[in-house]
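# Notes for the structure review
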Amino acid sequence: MARKFAAEREIVWEGGFFNWARREGLKIAYLEAFDEMKEQPDVVVQAISSGMGVMAARKGAEEYLATGRIGSVPRFLMVQQDTCAPMADAWRSGREELTDEDVIERPNGLARAILLGDGRDSYPYMRDIAHATGGGIVSVSQTEMTEAREMLRELEGLDVCHSAAATIAALRNEVQADRIGADEVVLANLTGRTRH
């Protein structure tokens, strides 16, 4: 819709996921997090829609690796909600790309910031990041997000949106399944925009 709007009005389309300047800006949050951590992360967990933030984070990690600021690129675990998880479904089934059948015309779910029904353009990049880093793309249920949100409120005093809670729900699931070890350092990016 944004492309169509821009074309109809003969204005420049912002580019979303493919706007390199936007990704460079997002990268700074990760570089700051890497700098503030006492130990470098073994795993980075983030809820995704297009995955622009993870794309930026990987670039930042590779730049820090090249300059010796970190010793290795962490595994990237990307999270979608079960009601809108075309990338997680494709990853789970081992597919290299999304097709027209994967598109969700009217995405819905509690985590509004990660409701992207058409990830065909960015999925190959997310798949590459998951493969290259030994990470993955997973989904969490609406109930798991609600429980994680309440857990953060009770244990940490944080009132986060459901998108941020998806990150914690996935982290909890991966730890319980022994795919993230108790001794591993995790950077969980609590991102999102809604609070209701």
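Structure: above.
A brief look at the structure comes next. Keep in mind that this is a model prediction, so the values were computed, not measured.

## A word on the sheet that holds strand β1 (residues 43-47)
Taken together, the 4 strands give an open sheet; going across it, the order is β3-β2-β1-β4, and neighbouring strands pair in parallel fashion. With partners counted over all chains shown, the strands left at the sheet margins are β3 (136-140) and β4 (186-189), one partner each. Shown here is a sheet whose adjacent strand axes are inclined to one another by a mean of 20 degrees, direction ignored. With 4 bridges connecting them, β1 and β4 associate as parallel partners. For valine 45, the partnering residue across the bridge sits in β4 and is alanine 188. On top of the sheet, helix α2 (residues 20-36) reaches β1 and β4; it is set at about 145 degrees to β4, its chief contact.

## Points about the nonpolar core
In a soluble, globular protein the nonpolar side chains are often hidden away together inside. Core analysis: the biggest nonpolar cluster contains 27 residues, and Phe76, Met78, Met126 and Ile137 have the highest contact counts within it. Among the elements of the structure, α2, α3 (52-66), β2 (75-81), α4 (86-92) and α5 (123-133) are those that each provide at least two residues to this core. Sorting elements by how many residues they give to this core places α3 first, with 6 residues. Listed in part, the 22 residues of the second largest apolar core include Val45, Val79, Val138 and Ala166.

## Some points on the packing of α2 against α3
At a minimum axis separation of 8 Å, α2 and α3 run at an interaxial angle of 55 degrees. Between α2 and α3, the angle is such that the two are oblique. In this structure, α2 crosses over α3, and the sense of that crossing is right-handed. Residue-level inspection shows Arg22, Arg23, Glu24, Leu26, Lys27, Tyr30, Leu31, Phe34 and Asp35 of α2 in contact with α3, the latter providing Met52, Gly53, Met55, Ala56, Ala57, Lys59, Gly60, Ala61, Glu63 and Tyr64. The residue inventory of the contact of α2 with α3, partitioned by class, reads 10 nonpolar, 2 polar and 7 charged.

## Description of the side chain of arginine 23
Its place among the elements puts arginine 23 in helix α2. Buried within the structure, arginine 23 lacks any salt-bridge partner; its nearest side chain of opposite charge belongs to glutamate 24, at an N-O separation of 6.5 Å. Apart from the residues within four sequence positions on either side, arginine 23 is in contact with Phe17, Phe18, Met52, Met55 and Ala56.

## Details of the packing of aromatic side chains
The description of an aromatic ring pair uses the distance of the two centres, along with the angle that the planes make with each other. Counted by the stated rule, this structure contains 2 aromatic pairs. Ring centres 6.2 Å apart and planes at 50 degrees place the aromatic pair tyrosine 30 and phenylalanine 34 in the tilted group. Separated by 4 residues within a single helix, tyrosine 30 and phenylalanine 34 lie in helix α2, roughly one turn from each other. Seen from their ring centres, phenylalanine 34 and tyrosine 64 are 6.1 Å apart, and the 50 degrees between their planes marks the pair as tilted. Of this pair, phenylalanine 34 sits in helix α2 while tyrosine 64 sits in helix α3, placing them 30 residues apart in sequence. One aromatic cluster is present, built from ring pairs that chain together Tyr30, Phe34 and Tyr64.

## As for the pairing of β2
For β2, the buried fraction is high: 6 of the 7 residues fall into the buried class. As judged from the 5 bridges shared by β1 and β2, these two strands associate in the parallel manner. Its bridge partner lying in β2, valine 44 is registered against phenylalanine 76. Handedness of the crossover joining β1 and β2 through α3: right-handed. Of the strand pairs in this sheet, β2 and β3 are connected by 5 bridges, and their pairing is parallel. Considered in β3, the bridge of glutamine 81 is made with valine 140.

## Here's the deal with the pairing of β1
Counting buried positions over the 5 residues of β1 gives 5, a clear majority of the element. On β1, burial covers both faces: Val43, Val45 and Ala47 on one face and Val44 and Gln46 on the other are all buried.

Conventions used here
- Residues numbered from 1 in each chain as written.
- Predicted model: local features only at pLDDT ≥ 70, side-chain atom pairs only at ≥ 80, totals over all residues.
- Heavy atoms only, no water.
- Pairing = 2+ DSSP bridges.
- Helix = DSSP H or I, 4+ residues; strand = E, 2+ residues; numbered from the N terminus.
- Axes fitted to C-alpha atoms, helices over the stretch in contact; angles between N-to-C directions.
- Contact = heavy atoms within 4.5 Å.
- Core = buried A, V, L, I, M, F, W, Y, C linked by side-chain atoms within 4.5 Å.
- Buried < 20%, exposed > 50% of the residue type's maximum accessible area, 1.4 Å probe, protein only.
- Parallel < 35°, antiparallel > 145°, perpendicular 65-115°, else oblique.
- Left-handed = near helix turned anticlockwise from the far one by under 90°.
- Nonpolar A, V, L, I, M, F, W, Y, C, P; charged D, E, K, R; others polar.
- Lys, Arg positive; Asp, Glu negative; His and termini not counted.
- Salt bridge = Lys/Arg side-chain N within 4 Å of Asp/Glu carboxyl O.
- Phe/Tyr/Trp six-rings, centres within 6.5 Å; stacked < 30°, edge-to-face > 60°.
- Right-handed = clockwise from strand over helix to strand, strands pointing away.

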